[in-house]
Every structure is written in structure tokens, then in C-alpha cells.
Amino acid sequence: MTELALELIRVEYAYRRDVALRGVSLQVRPGEVVAVTGPSGCGKSTLLHCAAGILRAQAGTVHLVGQNLAELPEADRTRLRRTQAGVVLQFGQLVPDLSLTDNVALPLLLEGHEREAARRAALGWLERVGVADDAAATPSELSGGQNQRAAVARALVTGPAIVFADEPTGSLDTHAGEQIMELLLSSARVGGSALVIVTHDNLVAAYADREVRLRDGVIQHEVSLS
Amino acid sequence: MNLRTLIELARPRSSTDRRRMALLVSAVALAGAFLLAGQRVARHSATYLDGWEQSSYLAEPGLRQGVVVAAVLMAGTACALAFQALRLGTAARDRRLTTLRLAGATPNQVRLVGAVDAGLGGLAGGILAGPLYFVLAAAVQALPGEARVLPAPNYLDLLAWPVAIVLLTVLAAIAGRSLRRGLVTEPTVDPAATGWRTKYLVIGLVGLALIVLSSMVFNLVTIFAQTAGVVLAASGFAPLAVARHGRRLGRSGDPLKMLAGARLLHTARPVGRMLALLVFCGGVAGVVMAMAVDLQATSGGVIQDDPFYLTGFAFVGLLALFAALAAGVALLAGTADDLLDQRRQLAALSVFGVGESQLLRSVRRRLTSTVAPAITIGLLIGGGLYSSILLRAEYSSSGRAFVVVLVGAVTGGLVAWLVAAAAAFLLRGQVREAVDPQNLRSA
Ligand SMILES: Nc1ncnc2c1ncn2[C@@H]1O[C@H](COP(=O)(O)OP(=O)(O)O)[C@@H](O)[C@H]1O
Ligand SMILES: [Mg+2]
């Protein structure tokens, strides 16, 4: 059996007042596309943040490419996250002061790559997502769709095992949204990355191999789509 | 919209808004207090003959004018700080006001909200200026005779105060209104664009020419021309230097330097303005330093206990320090504002391992790498120019003054570096808030 890209075992997370996750278990195989759906406030973002190691699960375990996040020292956890996980948010994640190229090169630079090599890799990805012409522009000079394309490039530039996307098309019009969805799917396929997409767009769920429906912090049901 | 609605809309809402308002009110109050002090000195007419124990700086009409100029300069510095405070949080407030626009408010009404917001701050500051001035003046009366550079307050100050309140309120309202000018109508222009550079280069070169030309002649006008030259050169070159430094950091390949550099490049003008003020303060301190060394050498050590010189040096030094602190506060507040404004982007970086400590380091680099050189350069310019005047006047002490200036500049830079690093530490709360995963949520 190949190693899972992601495994959550009875993960719980509570904010000061609200309990957001009440024991969620989930397995994602390498290259698999999973859609997480559910009404607003059901805990989708919290689930994603716990899985990506941005938030620390308060109970249960999270394995990212076979490694238990809770057992790793902080430095190793950061490194694992940086190399094995990509994140795409709804909007506004690119540093406004940096050009698209520098934004996409950033994870590689943090990984210790040479500047020129990092920029070349970044440019390659910008070309793949179709914004190579705007590589020198800053995010504020471009449309939301173009920014999301660059965000996809940044999430994939390190060749992660899994990409987490939190409503990546939520701030775009239908057409641009579809383009980003297709881009995410094809890019993930090229890189062999698994994909976990949070969405409440039914259409997006149709792209996935599997739909996980969340309600009040628990998985209500799972549907295999492929 | 009636006034009540306007005030309601302009009212500070968030804790940041309130902090911005507090900074605005304090800066305006300081400006007002300095203005009141200035008018009090200007109205002062007592001479030595009146037998009243007072500072020579008040008794001599020529020196008295200098005190008035110093008070006005300080009021100007405090106003600059107030203006900087007004600009804080503009991104967030602009978004709020844009919502207002979308809800049907006309551009004029939006500008009116800006004017009322700032005007209220000016009003509060003006009201506070009175008590602040009276406390200051009373405190000065407690100093030994030569240090009493402010006369005792009198009843006319009570008339000047309301005038100051009106003046400051109107000024603040105008400033607040002007800051809303670009709202909604202007498309976003990348502030790193190069269009502004030529203008600043010309200003800087004019300043430089003024310094060079004026040091060819030697009379009293030289000092003023050189001062003006330093102000122009610093105002012109500082933003250019910041942009250059930012670009260089951006190309370094170190991601934290890259982030610091990119932010500097995008804030080159506001940061450059504050650095120019720091250069000027350093320059004043440099002059005082060289002057003290020279007097020490030529007077055979008597200035140590000459209250006239001690008072002069102490007050000029204090004023320079105050102005430098104002510039520092403005820089710090601007940095805090950036952190708040970019929190979502910064939080997104935490996924890649740019956490609290890395971000704090990047912020510290931004502050130390600009503030320390500004102070050093200022000290070198001020001390150097004064020493060269001494040299041309063939004073024997000039050599020693040069050495002291050099040592002082290095020490000053070091101290400034430490202060900036400590100040960056004050921002750790803002840094922590910026990288909070909470910021990654939509809406
Ligand atoms: N910082 C917070 N403090 C308190 N409660 C929170 C916080 N963030 C989220 N919650 C609550 O946790 C629950 C799950 O939120 P979230 O994961 O954002 O849901 P979704 O992404 O599905 O809309 C909601 O009830 C929300 O109100
Ligand atoms: Mg969410």
C-alpha cells in the first residue's frame, strides 16, 4: 500500500466559544481530489488549517505524507509543510509589494534555493498558469483571476504532495472561477499532487474524485464520485 | 447628511482607529503647545534692565527670535507627526469609506467625513494644548535663571489659546479632507513606479548645489543657505536612497531581506521624508557637537560651567531629540499600520515558515537599516560642515573637531541602531497578530 498523502484521525478543534471540529477522520490518497463541502460555519476552513498544520489539532492526529505533525519539532514541521503542502486561499494571499515572480519564488527561496534558480522555476510555473506576461507586475495591478493563477503557481512550485484550497474561486465570477478550477486540477495532476478543495459550489464538487460533506464539525457523509 | 451622521461615521471604531486618534490628538496638542510658547516669547519684551532674572536667550532680541523660530520648527515637526497619524489606517478606512460611496454617498460627502474625522482630532488636540503649554511654562519657571527660556505665562495666553484651537482644528480638517482626495476615483498606481524619482533628484541636487555654493563664501548667510541646502538635499535624496536600498535588498535572494526591501521600495517616499527629518536632527546634533569641541578648545575649558552655552546646547539638543523621536514614532506607526494592512498576506506566508520571529526580524531590518545610517549621515554632515567652516576660518581646533565628529557619528549610528532594534521589539504584538491564522479566513 502506498503512503497516504494525508490522514486525519478523530481530529478535534475548538475556539474559545465554538467547537469547530468534533472528531473528523479523513484519508487522502496521493493524487486524489477531494471536495470538502458544507454550509458556512460548519468547520471547513478549520479542517483545512488543521490538516495543513497551520492550526494544531487539539485532539486526534494529523499525518502529512506519513509524518505525524504533532511529533515533529517545530522546524521540521515548518519544513515539511513548506515542501509537501501548498495552500490556495480565496483571495489576497500574495504579498502586494512583490512581483508575481518573487511571490511564486518565495517558498523556494525560503527553502534555500539560489535566487536565479528560484526565479526560473517561478517563471516556468507562471507560464503554465498563463500569467507569464505579467510576471513583473505586482498583485494590485492585476485582476483577481490573474492573482489566483499566481497563487496556484505558488502553491505548486515546491512540488507538494498535497494542495489545500479554501474556496479558491469564491471571489471570482463564474467563468474565471471555472478556469481556476480547471487549472488547479490540471496542475495538481501534472505535479502528481493530491488536492483538497473546500467549496460550497456544487459544480466544483463535480470535479472531484470524492466529496466529503461536513456539518457542525462532523463528517455527515462521503460520496465517491469517480 | 447632517453633522450628527458625519460625526457618527467619522468616529473611531477599532482599537487601531483609537490608537491613531490618540497619536493625532497628542501630536496636535504638542504642536499647539509649541505654538503658544512661540507666541508668548514673541510677545516678550523685557530686557536685562528690567532686573527680572531670565535667560539671555530671552533678554537679547536677536536670540529671542531664534527661540521663536525653534518653537515654530517644533510645532511644524509635531504637525508632521499629526499628518502621519492621519495617514495611518487609511487603507482600512478607505475600504470603509468606499462602502459608504457604494451606499450612495457623494465624493464630497466622503471627503467631508475625512475632514470631520481629522477636525475632531484637531479640536481635541487644540483644547489639550492649553493645559500642556501652561504646565510646560510653569515647569520652565522652576529651572535655574539662564535655562528659563520661556517667560511666565500671562493672561494674553488665555486669548491665544482659543485662536490656536480654531487654527489647529481648521488645519487638521483641511489635511483630513485632502487625504480623501484620491478615494475611489483613482486607479491603483504602484507606488514603486519610478515616475517620482526625477523630481526628488532635482530637489536633492539643488540642495547639494546650495551647500557647495554657500560654502564658497563665508558670512552669516552661509549658515542659513547651508541649512536650507541640507534640508533640500536630505528631502530629495533620502527617498531615492530608501528606494535604492529597498531594491538592493529585494535582489539579495534572502527571502526576509526581500520582504523588507520590497516594503521599503513601496514606502520610499513617506519613509524617506521621516529619514530626511532624522538626517536633519543628526545634522543639528553634529553642529552642536563640533561647536562644543571648538568652544572647549578656544575658551580653555570654561564652557563646562558657562550656563549660557550649557543652556543653548541642552535646548537645541533636546529639540533635535524631540524631532528625531517624532520621526521615529511616525516610522514605527507606519510599520504597525503596514502589518495590520497586510496581515492576510503575511499570515499566508506562515504556511511557508515565515513565522513571528522571522517576520519580526524582517521588520527590525527595515527599521535599523534605515534609521542608523540616517543619523550617522546627519551627524557627519552637520559636524563636517561646521568643522570645515572652522577650518576655513583657520581655527586650530578644527582637526580635533573632525575627529570628535567622526567618533560621534559612529557612536550615534550605533545608538540609533540599538534604539531602532528595541523599537522593533515593541511591534511584536502587531507581528503576532499579523501572522495569526485567523487572518486567513474569508470575510
Ligand atoms: N477565531 C474564532 N473564534 C471563535 N469561533 C470561531 C473562530 N473561527 C471560527 N470560529 C467558528 O468555528 C466554526 C467553524 O468555522 P470555519 O472553520 O471557518 O467554518 P467554514 O469554513 O465551514 O465556514 C464556526 O462556527 C465559526 O463561527
Ligand atoms: Mg471558511
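Just so it is clear, the structure is predicted and the values come from calculations on it, not from any experiment. (Residues numbered from 1 in each chain as written. Chains lettered and ligands numbered in written order. Predicted model: local features only at pLDDT ≥ 70, side-chain atom pairs only at ≥ 80, totals over all residues. Heavy atoms only, no water.)

Our next topic: the overall build of chain A. When you go through chain A residue by residue, the secondary structure sums to 7 helices and 10 strands. The C-alpha radius of gyration computed for chain A amounts to 17 Å, which stays within 12% of the reference 17 Å derived for 226 residues, consistent with globular compactness. The C-alpha extent of chain A, read off along each of the three principal axes, is 45 × 40 × 40 Å. Scored against the burial criterion, the 226 residues of chain A give a buried share of 56%. Taking the intrachain contacts of chain A between residues at least 6 apart in sequence as the baseline, contacts between residues at least 24 apart amount to 69%. (Helix = DSSP H or I, 4+ residues; strand = E, 2+ residues; numbered from the N terminus. Rg over C-alpha atoms; globule rule 2.2 N^0.38 Å. Buried < 20%, exposed > 50% of the residue type's maximum accessible area, 1.4 Å probe, protein only. Contact = heavy atoms within 4.5 Å.)

All names here are of chain B. Predicted confidence across chain B gives a mean pLDDT of 84, with 86% of residues reaching 70 or more. Looking at the elements of chain B, mean pLDDT is at its lowest for helix H5 (residues 90-102), recorded as 66, and at its highest for helix H7 (residues 155-179), recorded as 93. Across residues 182-188, where pLDDT falls below 50, the model places 7 contacts with residues more than four positions away in sequence or in other chains. Complex prediction metrics read pTM 0.83 and ipTM 0.86. (pLDDT = per-residue confidence, 0-100.)

Further remarks concern the interface of chain A and chain B. Listed as interface residues are 30 residues of chain A and, on the opposing side, 27 residues of chain B. Across the chain A/chain B interface, buried area totals approximately 2700 Å², and carbon plus sulfur atoms make up 64% of it. When the area that chain A buries against chain B is broken down by residue, the three leading residues are A:Asp97, A:Leu110 and A:Arg115, summing to 21%. Connecting chain A to chain B are 1 salt bridge. The partner of B:Arg263 in a salt bridge is A:Asp97, with the nearest N and O atoms 2.5 Å apart. Linking chain A with chain B are 6 residue pairs in polar contact (both at pLDDT 80 or more). Mapped onto the side of chain A that touches chain B, the elements with two or more residues apiece are helix H1 (44-51), helix H2 (74-84) and helix H3 (100-110) of chain A. Counting residues per element, the side of chain A that touches chain B draws most heavily on H3(A), which supplies 5 residues. (Buried area = accessible area lost by both parts, 1.4 Å probe. Salt bridge = Lys/Arg side-chain N within 4 Å of Asp/Glu carboxyl O. Polar contact = N/O pair within 3.5 Å; in protein donor to acceptor, adjacent residues only side chain to side chain.)

Among the residues of H2(A), those classed as buried are A:Arg77, A:Thr78, A:Leu80, A:Arg81, A:Arg82 and A:Thr83. For H2(A), the secondary structure elements touched by its buried residues are strand S4 (59-64), strand S5 (67-68), strand S6 (85-88) and H3 of chain A.

Looking now at the nonpolar core. Grouped together as the largest cluster of nonpolar side chains are 115 residues, with contacts concentrated most on B:Leu275 and B:Leu278. Looking at this core, the element that brings in the most residues is helix H12 (residues 307-341) of chain B, giving 12 residues. In terms of domain composition, this core takes at least three residues from each of domain 1 (3-185) and domain 2 (196-441) of chain B. Excluding residues that lie within four positions of it along the chain, B:Leu278 makes contacts with B:Ala324, B:Ala327, B:Leu331, B:Val371, B:Ala374 and B:Ile375. Of all hydrophobic cores here, the second largest spans 40 residues; its members include A:Leu6, A:Val34, A:Ala52 and A:Leu80. (Core = buried A, V, L, I, M, F, W, Y, C linked by side-chain atoms within 4.5 Å. Domains from an automatic or database assignment.)

Let us look at the site of ligand 1. Taken together, 13 residues surround ligand 1, and among them A:Gly41, A:Ser45, A:Thr46, B:Gln438 and B:Arg441 come closest. Looking at what sits near ligand 1, you find residues from chains A and B. The contact in question runs from an oxygen atom of ligand 1 to an N or O atom on the backbone of A:Gly43, over 3.1 Å. A:Ser45 is positioned with one of its side-chain polar atoms (N or O) 2.7 Å from an oxygen atom of ligand 1. When the free accessible area of ligand 1 is taken as 560 Å², the share hidden by the protein chains comes to 72%. Take the shell around ligand 1: its biggest share by element is 3 residues, from H1(A). A class-by-class count of the residues in the shell around ligand 1 yields 4 nonpolar, 6 polar and 3 charged. (Near = heavy atom within 4 Å. Areas by Shrake-Rupley, 256 points an atom, 1.4 Å probe, with all protein chains shown as cover. Nonpolar A, V, L, I, M, F, W, Y, C, P; charged D, E, K, R; others polar.)

Glancing now at the domain arrangement of chain B. One widely used convention gives an interface's size as the accessible area the parts lose upon coming together. Residues and elements named next belong to chain B. Partitioning chain B into domains gives domain 1 (3-185) and domain 2 (196-441). Of the residues lining the interface, 24 residues belong to domain 1; the matching set on domain 2 comes to 21 residues. In this assembly, domain 1 packs against domain 2 so that about 1800 Å² is buried in total across both faces, 74% of it on carbon and sulfur atoms. Taken as a group, Tyr57, Met74 and Gln84 account for 24% of the area that domain 1 buries against domain 2, more than any other trio of residues on that side. Our count for the contact surface shared by domain 1 and domain 2 stands at 0 salt bridges. The interface formed by domain 1 and domain 2 holds 1 residue pair in polar contact (both at pLDDT 80 or more) in total. Of all elements in the fold, only helix H2 (15-43), helix H3 (56-59), helix H4 (61-87) and H5 reach the threshold of two or more residues within the side of domain 1 that touches domain 2. Element by element, the count of residues in the side of domain 1 that touches domain 2 is highest for H4, at 7 residues. For the side of domain 1 that touches domain 2, a count of residues per class yields 14 nonpolar, 6 polar and 4 charged.

What follows is about the packing of aromatic side chains. Within this structure, the stated rule accounts for 4 aromatic pairs over all chains. Measuring from ring centre to ring centre gives 5.2 Å for B:Tyr133 and B:Phe134, while their planes differ by 55 degrees; the resulting arrangement is tilted. Its end group placed over the ring of A:Trp125, A:Arg128 keeps NZ or CZ at 4.4 Å from the ring centre. Here B:Arg344 stacks its cationic end above the ring of A:Phe91, 4.1 Å away from the centre of that ring. (Phe/Tyr/Trp six-rings, centres within 6.5 Å; stacked < 30°, edge-to-face > 60°. Lys NZ or Arg CZ within 6 Å of the ring centre and 35° of its normal.)

Take the side chain of A:Arg115 next. Its place among the elements puts A:Arg115 in helix H4 (residues 115-128). Look at A:Arg115 and you get buried, because its relative accessible area is 16%. The residues contacting A:Arg115, other than those within four sequence positions of it, are A:Asp102, A:Leu109, B:Gly250, B:Arg251, B:Ser252 and B:Gly253.

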